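Read off the chains here:
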Amino acid sequence: MTLLSVTNLSASYGKIQALRQVNLHVEAGEFVAVIGANGAGKTTLLKTLSGLMQPQGGHVQLAGKSLNGLSAETRVGQGIALVPEHRQLFGGMSVKENLLMGSYSRYTRAQKAEIEADVERVYALFPILRERQNQLAGTLSGGQQQMVAIGRGLMARPRVLMLDEPSVGLAPLVVREIFRVVAALPAQGTTVLIVEQNARQILKLADRAYVLENGVVKLEGVASDLANNPVVQQIYLGHG
Ligand code: ATP
């Protein structure tokens with residue numbers, strides 16, 4: 001089943017055209033990556049899909065229902081959540097409070113037990129967060145902050161979790177751990193759309209991928225095929 005479907009999506013900042021007629025789809029249970037250089041339009045794509053930015057044109061559907069014109073908050077309720085660039089945590093709040101913020105859209109007394117169970121699920125994915133649950137998020141390492149940001153996204157119980165360059169600024173070992181957890185999410189019922197500059201690692205993990213260049217989808221396909229594509233190897237994997 002196609003969970004997320006994007007048709008002819010365009011977006012701009014004044015005269016700067018950031019996305020041009022982008023088409024992509026994500027099937028339920030897939031792990032899909034969008035790779036591209038600085039300024040390719042990756043963040044703009046996720047901002048537009050999450051409702052933080054209005055597109056110039058095009059259509060976005062989640063499980064066959066149009067998201068066009070819906071606010072970011074409503075989209076979260078429909079099942080599409082964003083783990084933003086630079087994490088954007090509440091630095092003066094604890095790890096657990098940050099996680100709970102992710103569930104605010106469904107936070108009622110009746111849901112309390114369910115929400116606590118979801119916090120436990122995040123701690124199971126990232127055990128260090130259980131140890132640090134009362135620590136202020138702003139005092140965590142970059143990798144731990146990224147784990148909180150992903151956990152907060154999961155607390156909305158999204159059908160699709162979108163991640164904006166979670167590897168930026170993190171040490172290789174931490175990146176590997178985060179990617180390992182993210183790559184396991186589809187099998188646990190959360191479909192993943194990730195944008196990354198780190199093409200080498202993400203193409204090893206993703207099912208399919210798109211190459212975005214100057215706001216245009218240049219290539220798409222099975223991730224392992226793209227990793228063997230000479231153009232991708234030269235430009236994005238630094239071969240030759
Ligand atoms: P990065 O890896 O640097 O985050 P990206 O692939 O996410 O890059 P975008 O941030 O989506 O790329 O940027 C796409 C284009 O839009 C670039 O040309 C960028 O300079 C421009 N752009 C992005 N944000 C703004 C803004 N707030 N105002 C004006 N132009 C912007």
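Along each chain, residue indices are assigned from 1 in the same order as the chain's sequence is written. Given that the model is predicted, a residue must reach a pLDDT of at least 70 before its local features are reported, and side-chain atom pairs must reach 80 or more before they are shown or counted; all residues, however, enter totals for whole chains, interfaces and linings. Only hydrogens and water are removed before side-chain values are computed, so all heavy atoms of the structure are retained for them.

### A few points about the overall build of the protein chain
Only DSSP runs of H or I reaching four residues or more are called helices, and only runs of E reaching two or more are called strands; each is numbered from the N terminus. Scanning the protein chain from terminus to terminus reveals ten helices and ten strands. The principal-axis extent of the C-alpha atoms belonging to the protein chain is close to 50 × 40 × 35 Å. For each residue, the accessible area found with a 1.4 Å probe, counting protein chains only, is set against the maximum for its type, and the residue is called buried under 20%, exposed over 50%, and partly exposed in between. Taking all 240 residues of the protein chain together, 48% fall into the buried category. Throughout, a contact is declared for two residues whenever any of their heavy atoms are within 4.5 Å. Taking contacts inside the protein chain between residues at least 6 apart in sequence as the whole, the part at least 24 apart equals 66%. Note on areas: these come from Shrake-Rupley sampling with a 1.4 Å probe, and a residue is covered only by the protein chains present in the view. For the protein chain, the exposed surface amounts to about 10900 Å²; the carbon and sulfur share of it is 51%.

### Here we look at the site of the ligand
Contacts to the ligand come from 14 residues, most closely from Asn 38, Gly 39, Thr 43, Thr 44 and Glu 165. Here a polar contact is taken to be a pair of N or O atoms separated by no more than 3.5 Å, where protein atoms must pair a possible hydrogen donor with a possible acceptor and residues adjacent in sequence count only if both atoms sit in side chains. Gly 39 places a main-chain nitrogen or oxygen 2.7 Å from an oxygen atom of the ligand. Note that an oxygen atom of the ligand is positioned 2.9 Å from one of the backbone N or O atoms of Gly 41. Ranked by residue count, the leading element in the shell around the ligand is helix H1 (residues 42-50), at three residues. Residue proximity to a molecule or strand is established when one non-hydrogen atom of the residue lies within 4 Å of it.

### Topic: the sheet that holds strand S4 (residues 57-62)
For two strands to count as paired, DSSP must find a minimum of two bridges between them. Read from one edge of the open sheet, four strands run S2-S1-S4-S5, paired in antiparallel fashion. Edge positions in the sheet fall to strand S2 (16-27) and strand S5 (65-66), since each of these pairs with one other strand and no more. Examined bridge by bridge, S4 and S5 share two bridges and lie antiparallel to one another. Within S5, the residue paired with Leu 62 across the bridge is Lys 65.

### Regarding the pairing of strand S1 (residues 2-13)
Along any regular strand the residues' side chains alternate between the sheet's two faces. Examined bridge by bridge, S1 and S2 share eight bridges and lie antiparallel to one another. Within the sheet, the bridge partner assigned to Leu 9 lies in S2 and is Val 22. What sits between the antiparallel neighbours S1 and S2 is a turn of two residues, in which Gly 14 has the positive phi angle 55°. By the bridge criterion, five bridges tie S1 to S4 in an arrangement that is antiparallel. In the strand pairing of S4, Leu 4 is matched with Leu 62.

### So, the environment of Met 1
Considering the arrangement of structural elements, one finds Met 1 in the segment before S1. C-alpha of Met 1 to C-alpha of Val 26: the two residues are 25 residues apart in sequence and 8.8 Å apart in space. Discounting residues that sit within four places of it in the chain, Met 1 has contacts with Glu 27, Ala 28, Ala 63 and Arg 159.

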